[in-house]
Amino acid sequence: MMIDCTAKELELLKIIGDCAQRLNLPCYLVGGFVRDKLLQRNCKDLDFVCVGDGILLAQEVARQFKPQPQVSIFKTFGTANIKHGEFEIEFVGARKESYAAHSRKPEVEPGTLEDDQKRRDFTINALAISLNKNDFGQLLDPFNGVEDLKLKIIRTPLEPGTTFSDDPLRMMRAIRFASQLDFTILPETWLGIIENAHRIHIISKERIADELNKIVLSKKPSVGFDLLYKSGLLKLFFPQMVALAGAEYIDGKGHKDNFYHTLKVLDNISENTDDLWLRWAAILHDIAKPATKRFEEGHGWTFHGHEVVGGRMVPKIFAQLKLPANEKMKFVRKMVELHLRPISLTKENITDSAIRRLLFDAGEDFDALMTLCNADITSKNQQKVQRYLQNFEMVRQRCKEVEDNDHIRNWQPPITGELIMQTFNVPPSKIVGDLKTAIKDAILDGDIENSYEAAYQFMLQKAKEVNLVPVG
Ligand code: CTP
């Protein structure tokens, strides 16, 4: 075996090789699994190509396992999938493909192994391992993929224009692999991406989002985003991020390039979290800077309210990119809205009340918010960085003290809207909300004690001011 397999994997390959031999179908392990093995990365998706009917082979393989797994057949693509334990296994018959110019639906004819390898995206993904009796375990590498793995190069097996116009998603994949594996895209392949970028529009937003999220989750996501930007792809599906790029100057005063600042924040946060959505919060934290940018005489550039406007942009951007409209989106929005709060605390005189408000507003996401704010410190001036970090540590410490005392993070004010409605016999209305907020504020500001009794008395007093009397 020319790749290092576990005993379990080897057993699986032998079973599949035997089935293929019985059906007289030459069979090969191809693609990502072979690549990842050679890179010593973990992979549980195995793709097999056979010269003949891949669906038939999948059915024969499924019969070997107990309990017998279901075979999911995708007739249009001629593929069949089986889930076996931790493995996702896919079978396909070797194909010669040509794509219609207007879509990514292939027109398929049966082909040889080499035809099939040729129509794959990159040389490093076109490696095959034979499962046939005469040369079991032999690596078949017609495009020097192993060499490219060693050189850390992304290269298309055919002329790049052909490979990319066949399936424009591959441009995203090239950049994703460069970011994920820390590889370089060969100049000729890179040119092919620039020339074909406009064709990305035929790809579904969901598939673009899948690749984008893999870039976001890579070790140093700035590599992928910078390539997306420079290739011209990013502006086609995420123009708001491209609008962050560049710096404007008035009276010799410029502001920082917010695109590269954002990438720095994203890399910084990626050192501290693998959470996809917290990484998205880093991408979007300054997204409204272009929309809120002003030059104020004697003051310079300002971006007042960019956190609020940015928060409002989050649902629209999520919808545009086909990211989920759920709790994750709300979390990202909250992070964008709150991202200046801990830093602004470091500037003013920090009162317990301000700290309590921050703890209350961030709630269970307080630690995530602090991680974002820490990543947002990107100044080149080391003295400034040191000062920010010190202030920041102080805020963290104060938050800890206040939290230990008051337990604000998971706190709910002791008087609910229900209770207010019952006490005064009023329907849900603005006054109920106003009273609730007044009670919450009074406790957070330390005006009254954090207890039911104190809050109840306060509620009666506030209600009296607006002529509300308790019933009964
Ligand atoms: N492939 C391709 N063009 C695509 C997608 C996939 O040529 N647009 C081929 C590649 O040979 C790839 C294989 O199909 O290796 C399997 O694809 P997939 O499972 O999507 O990706 P992997 O390369 O396995 O990588 P990952 O699991 O990281 O997505």
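Anything mentioned here points back to the structure above.
Residues numbered from 1 in each chain as written. Predicted model: local features only at pLDDT ≥ 70, side-chain atom pairs only at ≥ 80, totals over all residues. Heavy atoms only, no water.

A. Layout of the packing of helix H14 (residues 276-284) against helix H20 (residues 366-375). As a packed pair, H14 and H20 sit with axes 10 Å apart at the nearest point and diverge in direction by 45°. It follows that H14 is oblique to H20 by the angle criterion. Crossing hand, H14 versus H20: right-handed. Of the residues in H20, those touching H14 at Leu278, Ala281 and Ala282 are Ala368, Thr371 and Leu372. Residues belonging to the contact of H14 with H20 are distributed by class as follows: 5 nonpolar, 1 polar and no charged. (Axes fitted to C-alpha atoms, helices over the stretch in contact; angles between N-to-C directions. Helix = DSSP H or I, 4+ residues; strand = E, 2+ residues; numbered from the N terminus. Parallel < 35°, antiparallel > 145°, perpendicular 65-115°, else oblique. Left-handed = near helix turned anticlockwise from the far one by under 90°. Contact = heavy atoms within 4.5 Å. Nonpolar A, V, L, I, M, F, W, Y, C, P; charged D, E, K, R; others polar.)

B. How the structure looks around the pairing of strand E1 (residues 27-30). In E1, alternate side chains face the same way, and those of Cys27 and Leu29 on one face and Tyr28 and Val30 on the other are all buried. Pairing of E1 with strand E2 (residues 45-50) involves 4 bridges; the strand directions are antiparallel. Across the sheet, residue Leu29 finds its bridge partner in E2, namely Phe48. Pairing analysis gives 3 bridges linking E1 to strand E8 (residues 128-130), with the strands arranged antiparallel. Directly across from Val30, in E8, lies its bridge partner Ala128. (Buried < 20%, exposed > 50% of the residue type's maximum accessible area, 1.4 Å probe, protein only. Pairing = 2+ DSSP bridges.)

C. Seen up close, the site of the ligand. Around the ligand, the structure places 13 residues, and the nearest of them are Arg35, Arg120, Asp121, Asp167 and Arg176. The separation between a nitrogen atom of the ligand and a polar side-chain atom of Asp167 is 2.8 Å. Protein contacts shield 77% of the accessible area of the ligand, which totals 560 Å² for the unbound molecule. Of all the elements in the fold, those that place two or more residues in the shell around the ligand are helix H2 (32-38) and helix H7 (169-181). Of the residues forming the shell around the ligand, the biggest block, 4 residues, is contributed by H7. (Near = heavy atom within 4 Å. Polar contact = N/O pair within 3.5 Å; in protein donor to acceptor, adjacent residues only side chain to side chain. Areas by Shrake-Rupley, 256 points an atom, 1.4 Å probe, with all protein chains shown as cover.)

D. Structural detail: helix H22 (residues 417-424). The complete set of buried residues in H22 reads Gly417, Ile420, Met421, Thr423 and Phe424. Down the axis of H22, the smallest arc covering the buried residues is 165°, so these residues share one side. Along H22, the residues that are exposed and aim more than 90 degrees away from the buried face are Glu418 and Gln422. Its buried side turned inward, H22 meets helix H23 (430-444) and helix H24 (452-465). (Arc of directions from axis to C-beta.)

E. Looking closely at the side chain of Glu307. Its location among the elements puts Glu307 in helix H16 (residues 306-321). Ignoring anything within four residues of it in the chain, the contact list for Glu307 reads Val336, Glu337, His339 and Leu340.

F. Representation of unusual backbone geometry. In this structure, the amide linkage connecting Lys66 to the following residue, Pro67, adopts the cis form with an omega of -5°. Of note, Lys152 is a non-glycine position whose phi angle comes to about 60°, a positive value. Position of Lys152 among the secondary structure elements: in the loop between helix H5 (145-151) and strand E10 (153-154). A positive phi angle is found at Asp182, which is not glycine, with a value near 60°.

G. Just the pairing of strand E3 (residues 71-74), in detail. Sheet analysis places E3 next to strand E4 (residues 79-84), joined by 4 bridges and oriented antiparallel. Bridging across to E4, Ile73 finds its partner in Ala80. A loop of 4 residues connects E3 with E4, the two strands running antiparallel in sequence, and Gly78 in this loop sits at a positive phi of about 65°.

H. The arrangement of H7 in detail. The terminal C-alpha atoms of H7, which comprises 13 residues, lie 18 Å apart, in line with the 18 Å expected from a rise of 1.5 Å per residue. Here H7 lies mainly inside the structure; 11 of its 13 residues are buried. Within the sequence span of H7, burial applies to Leu169, Arg170, Met171, Met172, Ala174, Ile175, Arg176, Phe177, Ala178, Ser179 and Leu181. Just downstream of H7, Asp182 is the residue with a positive phi angle, here 60°. (Expected span 1.5 Å × (residues − 1).)

I. Spotlight on the environment of Ile431. Relative to the elements of secondary structure, Ile431 occurs in helix H23. Taking the C-alpha atoms as reference, Ile431 lies 9.0 Å from Val466; in sequence the two are 35 residues apart. Ignoring sequence-local partners within four residues, the contact set of Ile431 consists of Val466 and Leu468.

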